[in-house]
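# Close look at the chain arrangement
Each chain, letter by letter, is given below.
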Amino acid sequence: MKPHEFWNCTYKEASEYVKANSLQREKDLKQEIVLFDALGEKIINAIFTFTRKKPKNISLVHETFKELFKKELEKDGPQSIEEQIRNLRSRE
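Residues numbered from 1 in each chain as written. Predicted model: local features only at pLDDT ≥ 70, side-chain atom pairs only at ≥ 80, totals over all residues. Heavy atoms only, no water.

A word on the overall build of the chain. Broken down by element type, the chain carries five helices and zero strands. Burial statistics for the chain: of 92 residues in total, 10% are counted as buried. Just so you have it, the chain exposes about 8,700 Å², and 58% of that area is on carbon and sulfur atoms. (Helix = DSSP H or I, 4+ residues; strand = E, 2+ residues; numbered from the N terminus. Buried < 20%, exposed > 50% of the residue type's maximum accessible area, 1.4 Å probe, protein only. Areas by Shrake-Rupley, 256 points an atom, 1.4 Å probe, with all protein chains shown as cover.)

Pasting the structure below:
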């Protein structure tokens, strides 16, 4: 929204713009966190190939950002195979 559009809009339009912008920033932040988590996993796996020590399979990113990933972590029951495949393909 450009400044002249902001001054000519209603409160409801400005509020919707702020909410949409906030949701987009949160989505972008989650994508970056997932990307860095995947990068960390690759680095850990590379270290594992050289040292032969088995790393712990704990996602520190999801533990650190529990509040941000609240919806993703609250899923009921185990994931189906289709959901697991879909999630793995979306991370690539």
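This part is about the environment of D37. Within the fold, D37 resides in helix α2 (residues 11-51). Classification of D37 by relative accessible area gives buried; the value is 11%. Residues D37 and V61, 24 residues apart in the sequence, show an inter-C-alpha distance of 6.3 Å.

Once that is clear, we can look at the pattern of salt bridges. Evaluated as defined, the whole model comprises one salt bridge. A salt bridge links E26 to K30; its shortest N-O distance comes to 3.7 Å. Placement of the pair is E26 and K30 together in helix α2, with a separation of four residues, close to one helical turn. (Salt bridge = Lys/Arg side-chain N within 4 Å of Asp/Glu carboxyl O.)

Bringing α2 into the picture now. Residues separated by three or four positions in an α-helix point in the same direction, a consequence of the helix having 3.6 residues per turn. Across its 41 residues, α2 extends 59 Å between first and last C-alpha, which sits within 8% of the 60 Å expected from 1.5 Å per residue. What α2 keeps buried is the set A14, K30, I33 and D37. (Expected span 1.5 Å × (residues − 1).)

Where nonpolar side chains cluster on the molecular surface, the patch consists of M1, F6, W7, Y17 and V18 and spans about 570 Å² of accessible area. Looking at the nonpolar patch, the elements with two or more residues in it are α1 (3-8) and α2. As for its placement among the helices and strands, F6 is situated in helix α1. (Patch = residues over 30% accessible without salt bridge, like charges linked within 9 Å, V, L, I, M, F, W, Y side chains within 5 Å.)

What follows covers the confidence of the model for the chain. Confidence along the chain averages 78 in pLDDT terms, with 80% of residues attaining 70 or more. Confidence, read as mean pLDDT per element, is least for helix α4 (residues 70-73) in the chain (68) and greatest for α2 (85). (pLDDT = per-residue confidence, 0-100.)

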